[in-house]
Amino acid sequence: MKTKPLTTLPAWKALTRHRQAIEKLHLREFFAQDKRRGERFTAEGAGLHLDYSKNRINAETLRLLRQLARETDLRGKIAAMFRGDKINSTENRAVLHTALRAPRNAVIRVDGKNVVPEVHAVLNQMADFANRVRTGKWRGHTGRRIRNVVNIGIGGSDLGPVMAYEALRHYSDRSRTFRFISNVDGGDFVEATRDLDPTETLFIISSKTFTTLETMTNAHSARTWLLRAFRGEAKAVARHFVAVSTNAEKVSEFGINRANTFGFWDWVGGRYSMNSAIGLSTMIAIGPQHFRALLAGAHAMDEHFRTAPFARNLPVLLGLLTVWNTNFLHAETVAVLPYENYLKRFPAYLQQLTMESNGKHVTRDGQAVNYATGPIFWGEPGTNGQHSFYQLIHQGTRLIPCDFIAFARPLTPLGRHHDLLLANVFAQAEALAFGKTAVEVKDEGAPAALVPHKVFSGNRPSNTILADKLTPAALGKLVALYEHSVFVQGVIWNIDSFDQWGVELGKILAQRIVPELESRTTPKLKHDSSTNHLIRRYRKMKGK
Ligand code: F6P
């Protein structure tokens, strides 16, 4: 059945009209009109608190956004995802990262088969292996303990593990070194391994497909690096390499034992895979118990998303507000600003999750969209960003909605640091919303010429997500919150959030160019004049 174009839906049209009224109002007025706005425009879900009162919305905006959710059948689509329907239509796949954190007794069928027992079998296999590495039962080829764990992967096979490792470092086994190699740039490999002892190093080759150029290149370099230390003794590979993949055949071709292969399934998208065996490095770092807490946290958010009324549903609210800011207030980006240093890689992780998912230009049935889809996500931890790009957020000409993320309790209490940190996050959201008027600036005695420079227009939207403490469970909730917010946006925009055809062209062109760079004889180049020129120039610079 063909879906009605989004812009023809009654709720979309009503929102377009409604925007005109909202645009005339300042957040100062919204707050003045409703003294309890700061308490009312909040929601709790799975222990996370969302304050969305500093968005340019009123009760009518929320009502219309919920109507839009109904008109696009968000409820039905949520049910379809959780049920295991093949909602990734261009790849004909189910989308079941939620099954990765489902309890043992859940039943979720793909093609008639309950996948939950397999999920738990792999979790047990991971736990057994992680425990053996952590207790020193699993040893290297020469009998030495594994002190270094190196994850080789890229995209979803890297960003989730590295983000989770950094986020949960506080809970990690500090006697071990964890490194993450992703880039095909040799510098990444060389720097990550230069101080490691191969006899104490375990490589986890993480790749859903086990064909990705970067990962395979790094995996082969790792094998060469290792075998050099073992004078070419191929047997050593078995004690120093394990694999995480859906492609068991390719893994054994590489020479990794089936017993040391951790599987997952095509219904786990790369960028949704950190709760699968792709999280093996995380589990070795923090231990199986903490890893299960991470899953339990994500599951709690899944349940909240699946069951809570839209008016109190965190991922639904966050997703709908992103649609509002993107399509009606024409914001082009979202800044994600964690006031928690351990979350320093969270914005990078979110970039793949959000932009690979919703960077789409056609609807599910292949029609060009006539509205903006996925905004650009970016960010840095606070307070660092305040001394760099916040100037533009406060006084620039663009509207940049911000998601502030903060925790009530620090993992590493230190003097006054945490109150200072939290004072800053609250102050930034306040300054963005309310700004400072010319009258206020003049009253402070600013010279007339400086007044316009010191004015803050305010009226700049933000959300604040406040949680108790960055635990493994809290991280699971936060990740699931954004996963589902991305889903909500994709449903409204009627796009396939689970494919990623946009990465293919560059991969194919690179494969074509490789022999042109490597050939000893001058290649016949058939690219455009710019690409031809760059290739010739590069060859010349290399003395070819
Ligand atoms: O090229 C994009 C992509 O397919 C991502 O979606 C994925 O996370 C990444 O590459 C890595 O893929 P793989 O896990 O198959 O190596």
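Refer to the structure printed above.
Residues numbered from 1 in each chain as written. Predicted model: local features only at pLDDT ≥ 70, side-chain atom pairs only at ≥ 80, totals over all residues. Heavy atoms only, no water.

Caption draft 1: Quick look at the pattern of salt bridges. Here the structure, examined in full by the defined rule, presents 25 salt bridges. Where Lys 86 meets Asp 111, a salt bridge forms, and the shortest distance between an N and an O atom there is 2.9 Å. Of this pair, Lys 86 sits in the loop between helix H5 (74-83) and strand S3 (109-110) while Asp 111 is found in the loop between S3 and strand S4 (113-114), placing the two residues 25 residues apart along the sequence. A relative accessible area of 64% means that Asp 111 is categorised as exposed. Several salt bridges share partner residues, and in doing so they unite Glu 91, Arg 93 and Asp 266 into one network. (Salt bridge = Lys/Arg side-chain N within 4 Å of Asp/Glu carboxyl O. Helix = DSSP H or I, 4+ residues; strand = E, 2+ residues; numbered from the N terminus. Buried < 20%, exposed > 50% of the residue type's maximum accessible area, 1.4 Å probe, protein only.)

Caption draft 2: Region of interest: the nonpolar core. Formed by 129 residues in total, the largest nonpolar core has its most connected members in Trp 267, Ile 284, Phe 346, Leu 475, Leu 478 and Tyr 482. The leading source of residues in this core is helix H20 (residues 472-493), at 13 residues. Leaving out residues up to four positions away in the same chain, Phe 346 has contacts with Met 163, Val 336, Ile 405, Leu 478, Val 479 and Tyr 482. (Core = buried A, V, L, I, M, F, W, Y, C linked by side-chain atoms within 4.5 Å. Contact = heavy atoms within 4.5 Å.)

Caption draft 3: Structural detail: the site of the ligand. Around the ligand, the structure places 14 residues, and the nearest of them are Ser 157, Ser 207, Lys 208, Thr 209 and Thr 212. Within the side chain of Thr 209, an N or O atom sits 2.6 Å from an oxygen atom of the ligand. Burial of the ligand by the surrounding chains reaches 88%, relative to a free accessible area of 390 Å². Taken together, the residues that form the shell around the ligand break down as two nonpolar, nine polar and three charged. (Near = heavy atom within 4 Å. Polar contact = N/O pair within 3.5 Å; in protein donor to acceptor, adjacent residues only side chain to side chain. Areas by Shrake-Rupley, 256 points an atom, 1.4 Å probe, with all protein chains shown as cover. Nonpolar A, V, L, I, M, F, W, Y, C, P; charged D, E, K, R; others polar.)

Caption draft 4: Representation of the environment of Leu 15. Tracing the sequence through the fold places Leu 15 in helix H1 (residues 10-23). In this structure the C-alpha to C-alpha distance between Leu 15 and Leu 64, which are 49 residues apart in sequence, comes to 6.4 Å. For Leu 15, the contacting residues outside a window of four places in its chain are Thr 61, Leu 64, Leu 65, Leu 68, Trp 324 and Phe 328.

Caption draft 5: Fine view of the environment of Asn 313. Relative to the helices and strands, Asn 313 is located in the loop between helix H13 (288-307) and helix H14 (314-328). You can call Asn 313 buried: its relative accessible area is 0%. A sequence separation of 110 residues divides Asn 313 from Ala 423, and the C-alpha atoms of the two residues are 27 Å apart. Ignoring anything within four residues of it in the chain, the contact list for Asn 313 reads His 304, Phe 305 and Ala 308.

Caption draft 6: Summary view of the pairing of strand S10 (residues 333-339). Taking burial as the measure, the seven residues of S10 include seven buried ones, the bulk of the element. Of the two faces of S10, both are covered, the one formed by Thr 333, Ala 335, Leu 337 and Tyr 339 as well as the one formed by Val 334, Val 336 and Pro 338. Bridge count for S10 against strand S11 (residues 376-378) is three bridges, and the pairing is parallel. Bridged to Ala 335 within S11 is Trp 378. (Pairing = 2+ DSSP bridges.)

Caption draft 7: Broad picture of the pairing of strand S7 (residues 201-206). Of all the six residues making up S7, six are buried; the element is thus mostly covered by neighbouring parts of the structure. Here S7 shows a buried face lined by Thr 201, Phe 203 and Ile 205 and a second buried face lined by Leu 202, Ile 204 and Ser 206. With five bridges connecting them, strand S5 (residues 148-152) and S7 associate as parallel partners. Across the sheet, residue Val 150 finds its bridge partner in S7, namely Phe 203.

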